Amino acid sequence: MAVLPRSGSAGPWLGQWWRSAPHPDAALEMPWRWLQGGLLLLPFSITLGGLGCGIALGWGTRSLGRRLWARPHNWGWLALALGLGLTASLGEDPGVAWVGLANFVPCFWFFAVTRELVRDPAQLRRLAWIQVLSAGAIGVIGLLPLVGWFAGPVNLSIFIQWPLELGGTPPGRMAGVFAYANVLASYFTVTLALGLGLWLEAWQRWQHQRLTSTPLIPTGLIPTRLIPTGLIPTRLIPTTKGAGTKGAGTKGAGTAEISPPLPWALNPTQTLALLSLVLLIQGVGLGLTQSRNAWGVGLLLGLIYGIRLGWYQGVAALVAALATVLWAAFGSVGQRLAQGVVPRMVWARLNDQLYGDRPVADLRISQWRFAWAMTCDRPWTGWGLRNFTPLYEAATDHWLGHPHNLLLMLTAETGIPVTLGFLGLVGWILGRGVMQWRTLVPGKRGSRGLGTQPRDRGGQNAAAQPETATDTATHTEPDAGTDIEPDTEPNTEPNTEPDTEPDTGTNTGTQTEPDTGAEILLTYLLAFGGCVLFNGLDITLFDYRINLINWLLLAAIAGFRPKKPWGIINRATDP
């Protein structure tokens, strides 16, 4: 990701930001820019954000032309769109069902184009930064009416329509610029996962700088071959390769550029502090939505990243806190003691005592039983999209917008065959994404695990190992002294060929693997996984902002191509 100049640059910073991350394919430069602008505005205004995404969609379609039809799964989306049209025509109310197609068919087109626009790891990071920074602002705006400092509605014609009801929607639950608290919770679920991924990369870079910029022993004072093994920690023994080169001690070999797209440049410490602040705002906001679904997904993400960082004591503390909360909500002996520790807002929300006067028709189990009965009555074609609501209201005299489970909604409204086709296409993309991530993670090749510092085969920190003649005989490392620029031509197939470019001597004193984008790919996989889990107990695709963001995640996973492959491994000496 390009970093904006610190000073002395001509023109407004907004124009610099607009041009600071060019697309690898010049023909797709303008669609890529409009996509970024649309995504930046999308949470605040569906009109302005949708306009930007729409221009990117049209311009990208014109630029890509026949390339769109070269992708096999695009034909799958076309077949699925035809199947949805057929089930809508055979639905209980075809008019309503055809309107419901708007939540799916345009998104298939959006996916096909965005998949070609977002391919490089730097592009994925930039889009993640845009969403994370926007989420910080959304969190601050959402807090204002909840604490009584400001109340809406804010209506600026068709451009901005923020409810901002005093006390939240429903009362006591933070909804912010969205119409309902669960929609905001779904949004925070995505941005929290993206923010945690960026934070992990920022932490790794900060750790790398801290371990390599302040060696205890001056370079050259004692030959490293004369220092007994284990006498001095290897991270405190500097290497001589690339000493004094530009950027030494700030950006190591192959370290990803993860600076935010801001009008000023941030060092690793500032980047980490900014992300920590934004994550704190999102975490507080997610808690105040009182969405049990989002709480569960957020805790799962926290456990995953805690384990990946090796913070096992923190993970154990989180598990203990979770056990206390569950005991306060559902325990027996000692429950009152646990309830005295855990806030009532938490345990009473979990066991539904906080809103215990809800009608039976409002319970999820009632909705799921009715949706399954609809599926059994019409398993092949369903009842038509958006037909659950009138049928459920006629049966229970209770209005409900959806059955709070995406899978059951699809089987009830579109039939089992179309649902299996949809699941097959999404599963194919996710499966390929996971397999690609496994080929990029060094730990899967035996060189390091998922901790914060890369390790060599001997178990020592690779960032601190002195270079020897044996290293150059077994590995051919790419140049790490300069940023790796995107290819000038867009990749159409996964890059599996190893890089054989020799080291030019501009190393910053460390030997780490080049940035392949494995971390950011995993971040998007976890973010989309959070969407899948959330839609198991709720459905938020009817808010087009959330819908487009979810499809963007899937398109980024499908279009991802490694920026730089791993170096050659000598099979004669390496396992």
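In this report, the structure presented in the accompanying data block is examined. Worth saying up front: this structure is predicted, and the values here are computed from it rather than measured.

A tally of helices and strands in the protein chain yields 20 helices and four strands. The proportion of buried residues among the 575 residues of the protein chain is 51%. Put simply, of all contacts in the protein chain between residues at least 6 apart along the chain, 75% involve residues at least 24 apart. Summing over all exposed atoms, the protein chain offers an accessible surface of approximately 25800 Å²; the carbon and sulfur share of this is 65%.

It is worth spelling out the nonpolar core at this point. Generally speaking, a soluble globular protein has its nonpolar side chains buried in company with each other. Membership of the largest hydrophobic core comes to 113 residues, with the highest contact counts inside it found for Trp 77, Tyr 187, Tyr 524 and Trp 551. Ranked by the residues each element gives to this core, the list is headed by helix H8 (residues 181-213), at 15 residues. Setting aside residues no more than four positions away along its own chain, Tyr 187 makes contact with Pro 43, Gln 131, Ser 134, Ala 135, Ile 138, Phe 178, Ile 546 and Ile 549. Listed in part, the nine residues of the second largest apolar core include Ala 361, Phe 388, Tyr 392 and Leu 408.

With that out of the way, let us pick up the environment of Leu 184. Note on placement: Leu 184 falls in helix H8. Setting aside chain neighbours within four positions, we find Leu 184 in contact with Ile 138, Met 174, Ala 175, Gly 176, Phe 178 and Thr 289.

A complete count under the given rule lists twelve salt bridges for this structure. Taking the shortest distance from any N to any O, the salt bridge between Glu 201 and Arg 125 comes out at 2.9 Å. With Glu 201 in helix H8 and Arg 125 in helix H7 (residues 121-147), this residue pair connects regions lying 76 residues apart in the sequence. Comparing Glu 201 with Arg 125, the two get one shared label, buried. Across the salt bridge formed by Arg 308 and Glu 519, the nearest N and O atoms sit 3.1 Å from each other. Taken together, the positions of Arg 308 in helix H10 (residues 292-309) and Glu 519 in helix H19 (residues 518-534) put the pair 211 residues apart, joining distant regions of the chain. What makes Arg 308 buried here is its relative accessible area of 7%. By sharing partners, the salt bridges in this structure join Arg 71, Arg 115, Glu 116 and Arg 119 into a single network.

Turning to the packing of aromatic side chains, a few remarks are in order. Throughout the structure, instances matching the rule amount to 18 aromatic pairs. Considering the side-chain rings of Trp 77 and Phe 111, the 5.5 Å spacing of their centres and the 65° angle between planes classify their relative orientation as edge-to-face. Remark: Phe 111 occurs in helix H6 (residues 105-117) and Trp 77 occurs in helix H4 (residues 72-89); sequence separation between them is 34 residues. Classification of Trp 77 as buried rests on a relative accessible area of 2%. You can call Phe 111 buried: its relative accessible area is 0%. Ring centres 5.3 Å apart and planes at 75° place the aromatic pair Trp 77 and Trp 551 in the edge-to-face group. Of this pair, Trp 77 sits in helix H4 while Trp 551 sits in helix H20 (residues 544-559), placing them 474 residues apart in sequence.

So, on to H6. For the α-helix, the turn length of 3.6 residues means that residues three or four positions removed from each other point alike. Between its first and last C-alpha atoms H6 spans 19 Å; for 13 residues at 1.5 Å apiece the expected length is 18 Å, and the two agree. Counting buried residues in H6 gives ten out of 13 residues, a clear majority hidden from the surface. Taken as a whole, H6 has its buried residues at Cys 107, Phe 108, Phe 110, Phe 111, Ala 112, Val 113, Thr 114, Arg 115, Glu 116 and Leu 117. Looking at the buried positions of H6, the neighbouring elements they touch are helix H2 (29-41), helix H3 (46-64), H4, H7, helix H17 (416-440) and H20.

Turning to unusual backbone geometry, a few remarks are in order. If a residue is not glycine, its phi is most likely negative; likewise, a peptide bond is most likely trans. Residue Pro 153 follows Gly 152 across a cis peptide bond; omega there is 5°. Of note, Pro 153 is situated in the loop between H7 and strand E1 (154-156). Along the chain, Thr 169 connects to Pro 170 via a cis peptide bond; the corresponding omega equals -5°. Even without being a glycine, Asp 352 presents a positive backbone phi close to 70°. The backbone of Arg 386 shows a phi angle near 70°, a positive value even though the residue is not glycine.

Let us now look at the environment of Phe 542. As for its placement among the helices and strands, Phe 542 is situated in the loop between H19 and H20. Taking C-alpha positions, Phe 542 is 9.5 Å from His 402, a pair spaced 140 residues apart along the chain. In contact with Phe 542, not counting residues within four places along its chain, are Asn 103, Arg 386, His 402 and Met 409.

Across the interface, helix H14 (residues 364-377) lies against helix H16 (residues 406-414) with an axial gap of 7 Å and an inter-helix angle of 35°. Regarding H14 and H16, the two cross each other, and that crossing is left-handed. Between H14 and H16, the residues in contact are Trp 368, Ala 371, Trp 372, Met 374 and Thr 375 and Leu 408, Thr 411 and Ala 412, respectively.

Moving on: a nonpolar patch on the surface. Taken together, Leu 40, Leu 41, Leu 48, Ile 158 and Phe 159 make up a surface patch of nonpolar side chains, about 400 Å² in accessible area. Along the chain, Ile 158 turns up in the loop between E1 and strand E2 (160-162). Among the residues examined, Ile 158 registers a relative accessible area of 52% and is labelled exposed.

A few words on H4. Over its 18 residues, H4 extends 26 Å from the first C-alpha to the last, a length consistent with the 26 Å expected when each residue adds 1.5 Å. Among the residues making up H4, those that are buried are His 73, Asn 74, Trp 77, Leu 80, Ala 81, Gly 83, Leu 84, Gly 85, Thr 87 and Ala 88. Buried residues belonging to H4 abut helix H5 (94-100), H6, H16, H17 and H20.

Conventions we followed
- Residues numbered from 1 in each chain as written.
- Predicted model: local features only at pLDDT ≥ 70, side-chain atom pairs only at ≥ 80, totals over all residues.
- Heavy atoms only, no water.
- Helix = DSSP H or I, 4+ residues; strand = E, 2+ residues; numbered from the N terminus.
- Buried < 20%, exposed > 50% of the residue type's maximum accessible area, 1.4 Å probe, protein only.
- Contact = heavy atoms within 4.5 Å.
- Areas by Shrake-Rupley, 256 points an atom, 1.4 Å probe, with all protein chains shown as cover.
- Core = buried A, V, L, I, M, F, W, Y, C linked by side-chain atoms within 4.5 Å.
- Salt bridge = Lys/Arg side-chain N within 4 Å of Asp/Glu carboxyl O.
- Phe/Tyr/Trp six-rings, centres within 6.5 Å; stacked < 30°, edge-to-face > 60°.
- Expected span 1.5 Å × (residues − 1).
- Axes fitted to C-alpha atoms, helices over the stretch in contact; angles between N-to-C directions.
- Left-handed = near helix turned anticlockwise from the far one by under 90°.
- Patch = residues over 30% accessible without salt bridge, like charges linked within 9 Å, V, L, I, M, F, W, Y side chains within 5 Å.

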